[in-house]
Amino acid sequence: MTTLTHRARRTEIGKNSEKKVESEEDTNQDKSPDNEDSGDSKDIRLTLMEEVLLLGLKDKEGYTSFWNDCISSGLRGGILIELAMRGRIYLEPPTMRKKRLLDRKVLLKSDSPTGDVLLDETLKHIKATEPTETVQTWIELLTGETWNPFKLQYQLRNVRERIAKNLVEKGILTTEKQNFLLFDMTTHPVTNTTEKQRLVKKLQDSVLERWVNDPQRMDKRTLALLVLAHSSDVLENVFSSLTDDRYDVAMNRAKDLVELDPEVEGTKHSATEMIWAVLAAFNKS
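Now for a look at the structure at hand. (Residues numbered from 1 in each chain as written. Predicted model: local features only at pLDDT ≥ 70, side-chain atom pairs only at ≥ 80, totals over all residues. Heavy atoms only, no water.)

### A look at the overall build of the protein
Under the convention used in this document: By definition, any uninterrupted DSSP run of H or I lasting at least four residues is a helix, any uninterrupted run of E lasting at least two residues is a strand, and each is numbered from the N terminus. Here's how the labels work: a residue is buried when its accessible area is under 20% of the maximum for its type, exposed when over 50%, partly exposed in between, all with a 1.4 Å probe on protein chains only. Only the protein chains shown count as cover for residues, and all accessible areas are computed by the Shrake-Rupley method using a 1.4 Å probe.
Along its length, the protein carries twelve helices and four strands. Out of the 285 residues in the protein, the part that is buried amounts to 51%. As displayed, the protein has an accessible area near 14,100 Å², and 50% of this comes from carbon and sulfur atoms.

What follows is the structure in C-alpha cells.
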C-alpha cells in the first residue's frame, strides 16, 4: 500500500538508504502525447512510465528500492493513462448500470502504433480481448496478478528493464553490472541528472509555487504524474530535497489531491477519466 509519509519517516529512510538497496480522453489531450507546459518544450520527451521509473531510481545505484512493491503496478497504470492521453483508448460512456469508473470497460479508439513497444504491446492486447475489461482488471492482467491461466499471456514482462533501456537510449541512464554477493544485477545509474532534476522541480513547483488547489486547472500530464508517483510509492523521492516546512506543505497538498473522490472528479468538465480511474483502482487495491 502506498503512503504519503511524514518527515520523520523520510529522515529514517535517508539514514538507511545506504544500507538497503499514466469517451475517456479529453479531446484536448489526443493531439499530442506530450501535453507539457510550454516551459518544458526544449526538454527530452518522456512517457509517463519513464518519468515514474526515473523518479524511483536511486541516482548512483541505478535501481529502485527493494522494499517498493507498488512501482510495478504503478507503471502499468501509467501505460493505460499514456494510451488514453494519446487518443488510443477510452472508458466506455457511463450508463444507468455502469456509472462508476471501475465498472466501465476500457475501449479501443485507435490501434495506430505509438512508436513505444510497451504501449503498442498493450494496445494489441486490448484490441484482441473479448469481452472487454475494466481498468482495474487490465492493471492486474498486465502485472500478471491473475488466477486465470488463460490470461497470463497479457502480462507485460521485464517492464522496468525495457523502460530503463529507453532511458539509456535517450541519454538519461547508463548500464552497469553490480555484484550482490550471490548474484549479478544489471543496474542503470542516472547520468543526465539535469533531466531528473527538471522533472523533480516540475512536480515540486506544481504543489508549491504553481499550486491551484483544483485538479481540473492543472496540466493533465502533471496531474497524472502526481497520481502515478503516489501509486508507485515514489512521491517522497520528489520532495526529499525540500526544507522541512516546504516538505510538509508539499506532502499535505499532494495528500489532499490523491484523497479526492475519483468518482466526483472524473465527472467534472474536461476531466481526463482515465487518470481518475487508475487512482480509483489503486485506492481499491
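Structure's up, so let's keep going.
### Some words on the packing of aromatic side chains
Condition: In summary, the pairing rule links any two rings of Phe, Tyr or Trp, Trp by its six-membered ring, whose centres are within 6.5 Å, and it sorts them by plane angle into stacked for under 30 degrees, edge-to-face for over 60 and tilted for everything else.
Taken as a whole and judged by the stated rule, the model has two aromatic pairs. With a centroid separation of 5.3 Å and 20 degrees between ring planes, the pair formed by Tyr63 and Phe66 is classed as stacked. Judged by relative accessible area, which is 9%, Tyr63 ranks as buried. On the basis of relative accessible area, Phe66 is assigned to the partly exposed category, the value being 43%. An angle of 70 degrees between the planes, with centres 5.5 Å apart, marks the rings of Trp138 and Tyr154 as edge-to-face. Pair noted here: Trp138 is in helix 5 (residues 135-143) and Tyr154 is in the loop between helix 5 and helix 6 (159-169), with a separation of 16 residues, a long-range link. By relative accessible area, Trp138 is classed as buried at 1%.

### Some remarks on the nonpolar core
Note the cut-off: Nine residue types can take part in a nonpolar core, namely buried Ala, Val, Leu, Ile, Met, Phe, Trp, Tyr and Cys, and a core is a set of them joined through side-chain atoms within 4.5 Å.
Ranked by internal contacts, the top residues of the largest apolar core, which has 73 residues, are Leu55, Leu80, Ile81, Ile89, Val135, Phe239 and Met274. Counting residues per element, this core draws most heavily on helix 12 (residues 273-284), which supplies nine residues.

### Topic: the pattern of salt bridges
Two side chains bearing opposite charge may form a pair once their charged atoms approach each other closely. To keep things clear, this is the line we draw: The working definition used for a salt bridge is a side-chain nitrogen of Lys or Arg within 4 Å of a carboxyl oxygen of Asp or Glu.
Across all of its chains, the model carries 15 salt bridges by this definition. Among the ionic pairs, Lys196 bridges to Asp59, the shortest N-O distance being 2.6 Å. One end of the pair, Lys196, is in helix 7 (residues 193-207); the other, Asp59, is in the loop between helix 2 (48-56) and helix 3 (71-85), and 137 residues separate them in sequence. Across the salt bridge formed by Asp111 and Lys127, the nearest N and O atoms sit 2.6 Å from each other. With Asp111 in the loop between strand 2 (106-108) and helix 4 (117-128) and Lys127 in helix 4, the pair connects residues that are 16 residues apart, well separated along the chain. A cluster of three or more residues bridged by salt bridges with shared partners is formed by Glu82, Arg86 and Arg221.

### Things to note about helix 7
Residues spaced three or four apart along an α-helix point in a common direction, a consequence of the helix completing one turn every 3.6 residues. Counted only if it meets this: One less than the number of residues in a helix, times 1.5 Å, gives the span that helix is expected to have. Here a residue-residue contact requires only that any non-hydrogen atoms of the pair lie within 4.5 Å.
Between its first and last C-alpha atoms helix 7 spans 22 Å; for 15 residues at 1.5 Å apiece the expected length is 21 Å, and the two agree. The buried fraction of helix 7 amounts to eleven of the 15 residues, a majority that puts the element mostly inside the structure. Of the residues making up helix 7, those classed as buried are Glu195, Lys196, Arg198, Leu199, Val200, Lys202, Leu203, Gln204, Asp205, Ser206 and Val207. Looking at the buried side of helix 7, the elements it contacts are helix 2, helix 8 (220-231), helix 9 (235-239) and helix 10 (244-258).

### Details of the side chain of Arg88
Note the cut-off: Lys and Arg are tallied as positive, Asp and Glu as negative. Neither His nor the chain termini are counted.
Inspection of the secondary structure assignment puts Arg88 in the loop between helix 3 and strand 1 (89-91). Here Arg88 occupies a buried position and makes no salt bridge, while the nearest side chain of opposite charge, Asp120, is found at 6.2 Å. Not counting chain neighbours up to four residues away, the residues in contact with Arg88 comprise Leu83, Leu107, Leu108, Lys109, Ser110, Ser112, Pro113, Thr114 and Leu123.

### Points about helix 12
In a regular helix each residue adds 1.5 Å, so twelve residues correspond to 16 Å; helix 12 covers 16 Å between its end C-alpha atoms and thus fits that length. Burial within helix 12 is extensive, with ten of its twelve residues counted as buried.

### Concerning the environment of Val258
As for its placement among the helices and strands, Val258 is situated in helix 10. With relative accessibility at 4%, the residue Val258 sits in the buried group. Linking Val258 and Leu223, residues 35 residues apart in sequence, is a C-alpha distance of 9.7 Å.

### A short note on the packing of helix 2 against helix 6
The angle between the axes and the distance between the axes are what describe a pair of packed helices. Note the following rule: Only C-alpha atoms enter the line fits that serve as axes; for helices the fit covers just the stretch in contact. Angles between N-to-C directions range over 0 to 180 degrees. The cut-offs work like this: below 35 degrees is roughly parallel, past 145 is roughly antiparallel, 65 to 115 is roughly perpendicular, and the gaps in between are oblique. Residue polarity is assigned by list, with Asp, Glu, Lys and Arg as charged and Ala, Val, Leu, Ile, Met, Phe, Trp, Tyr, Cys and Pro as nonpolar; anything else, Gly included, falls into the polar class.
Running from N to C, helix 2 and helix 6 cross one another at 95 degrees; their axes reach a closest spacing of 10 Å. Viewed along their axes, helix 2 and helix 6 adopt a mutual orientation that is roughly perpendicular. Where helix 2 approaches helix 6, its residues Met49, Glu50, Leu53 and Leu54 are matched on the opposing element by Arg160, Ile163, Ala164, Asn166 and Leu167. Per-class residue counts for the contact of helix 2 with helix 6 are six nonpolar, one polar and two charged.

### A word on the packing of helix 3 against helix 4
Remark: helix 3 packs on helix 4, axes separated minimally by 10 Å, with the N-to-C direction vectors making an angle of 85 degrees. Relative to helix 4, helix 3 is oriented roughly perpendicular. Every residue of helix 4 that contacts helix 3 at Ile79, Leu80, Glu82 and Leu83 is listed here: Leu118, Leu119, Thr122, Leu123 and Ile126. Considered class by class, the residues forming the contact of helix 3 with helix 4 number seven nonpolar, one polar and one charged.

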